Amino acid sequence: MYVLTIDQRGSSADIDRVPELLDGLRRTSGPFERSVGDEVQGVLAEPAEVVDVALHALRSGLWYVGIGIGHVNEPLPASPREGSGAAFVAARQAVDRAKAAASHVPLAVVSGGVRRGAAEAGRGEPGARACANAEAVLRLVGRLVRERTEAQWRVVDALRARNGHDPGRHGQQKQVAQELGISEQSVSRAIIRSGWQEEWAARPAAEMLLATAHGLVLEASGPEARTRGER
């Protein structure tokens, strides 16, 4: 499983932005809840959902994103706040690492180990290496997302809304231009400068790397963790 812990940046000098984030996540993913203070947590099973949530949170530049990969205790509780397991420990370590990387793209992916206190088995361990690869790609795509202007986001959001279940698909530029009251050339420039096509070309790579990391982490954890889910 994938556990995401998302913490608000500079919360002591800002308003509480958790309700706004939760409202956005309800439209894109599974259940997320406020865990403590200005922090949000959720458990996901699909890497595509993880990519969606991570990039949604990075968009505003207001959040640290930690992704923990590994076992969780089952059955899963109704509330993520009541969950436990190695992936939860890893997510905590990941958000702390994301805070340390705040001058860059504040996202980290950490491998969840079986043993207590061993949420990351080391850089030489295959699962940890795969997590580092997924993190690198997510940070690259996250930089594209974070650097878009408001004008570019208007075009990108309109394209995504029109393309429905295939948001990265080409086309619809004429319709978007009419909807926004701008020229087709302006739409084309916004798409190029926003890195929209590059983002959607890279998303499957990020999903594949997360899935690979998930498989390696669970394989290294051993079958006993599937029933024990040690923290």
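S.K.: Summarise helix 4 (residues 126-146); cite the residues concerned and give the values.
M.R.: Compared with an ideal rise of 1.5 Å per residue, which puts 21 residues at 30 Å, helix 4 spans 30 Å between its outermost C-alpha atoms and is within 8% of the ideal. What helix 4 keeps buried is the set Gly127, Ala128, Ala130, Cys131, Ala134, Glu135, Val137, Leu138, Val141, Gly142 and Val145. Tucked inside the fold, the buried residues of helix 4 contact helix 2 (47-59), strand 4 (63-69), helix 3 (86-100), strand 5 (107-111), helix 5 (150-163) and helix 8 (196-221). For helix 4, the capping residue at the N-terminal end is Glu125, with a side-chain oxygen 2.8 Å from the backbone nitrogen of Gly127.

S.K.: Describe the sheet that holds strand 5, naming the residues involved and giving the relevant values.
M.R.: Spatially, the 5 strands line up as an open sheet ordered 2-3-1-4-5, and their pairing is mixed. The outermost strands of the open sheet, each flanked by one partner alone, are strand 2 (32-36) and strand 5. For this sheet, the mean inter-axis angle between neighbouring strands, taken without regard to orientation, is 25°. As defined by bridge partners, strand 1 (residues 2-8) adjoins strand 3 (residues 39-44) across 6 bridges and the pair is classed as antiparallel. For Val3, the partnering residue across the bridge sits in strand 3 and is Val43. Across the face of the sheet, helix 3 comes into contact with strand 1, strand 3, strand 4 and strand 5 while running at roughly 145° to strand 4. The strands touched by helix 4 within the sheet are strand 4 and strand 5, with strand 5 carrying the most contacts at an inclination of about 165°.

S.K.: Tell me about the side chain of Glu125, residues and numbers included.
M.R.: Locating Glu125 in the fold gives a position in the loop between strand 5 and helix 4. Look at Glu125: it is buried, it has no salt bridge, and the nearest opposite charge is Arg129 at 7.5 Å. Within the structure, Glu125 has its side chain in polar contact with the backbone nitrogen of Ala128 (distance 2.8 Å). Ignoring any residue separated from it by four or fewer positions in sequence, one finds Glu125 in contact with Ser111 and Ala220.

S.K.: Explain the nonpolar core to me, and be specific about the residues and the numbers.
M.R.: Generally speaking, a soluble globular protein has its nonpolar side chains buried in company with each other. Grouped together as the largest cluster of nonpolar side chains are 49 residues, with contacts concentrated most on Ile6, Phe32, Ile67, Ile69 and Leu210. Tallying contributions element by element places helix 8 first for this core, with 8 residues. Discounting chain neighbours no more than four positions away, the residues touching Ile67 are Val3, Leu4, Val50, Ala54, Ala91, Ala94, Leu107, Ala108, Val109, Val110 and Leu138. Counting residues in each nonpolar core, the second largest holds 7 residues, with Ala90, Ala94, Ala108 and Val110 among its members.

Rules of the game
Per chain, residues are indexed from 1 in the order of the written sequence. Where local features are concerned, this predicted model is filtered to residues with pLDDT of at least 70; where side-chain atom pairs are given and counted, the filter is 80 or more; whole-chain, interface and lining totals use all residues. Each side-chain value is derived from all of the structure's non-hydrogen atoms; neither hydrogens nor water enter the calculation. The helix count covers DSSP runs of H or I at least four residues long, the strand count covers runs of E at least two residues long, and both are numbered beginning at the N terminus. A helix's residues, less one, multiplied by 1.5 Å, set its expected span. Residue burial is assigned from relative accessible area. The probe radius is 1.4 Å, only protein chains are included, and a residue is buried under 20% of its type maximum, exposed over 50%, and partly exposed in between. In what follows, a contact means two residues having at least one pair of non-hydrogen atoms within 4.5 Å. Contacts described as polar in this section are N or O atom pairs within 3.5 Å, which, within protein, must combine one atom able to donate a hydrogen with one able to accept it, while residues neighboring in sequence count only if both atoms come from side chains. Pairing between two strands is assigned when DSSP locates at least 2 bridges connecting them. Think of each axis as a best-fit line through the C-alpha atoms, taken over the contacting stretch in the case of a helix, with angles from 0 to 180 degrees between the N-to-C directions. We treat Lys and Arg as the positive residues and Asp and Glu as the negative residues; His and chain ends play no part in the count. Whenever a carboxyl oxygen of Asp or Glu lies within 4 Å of a side-chain nitrogen of Lys or Arg, that contact is scored as a salt bridge. Throughout, nonpolar core names a set of buried Ala, Val, Leu, Ile, Met, Phe, Trp, Tyr and Cys residues whose side chains join them through atoms within 4.5 Å.

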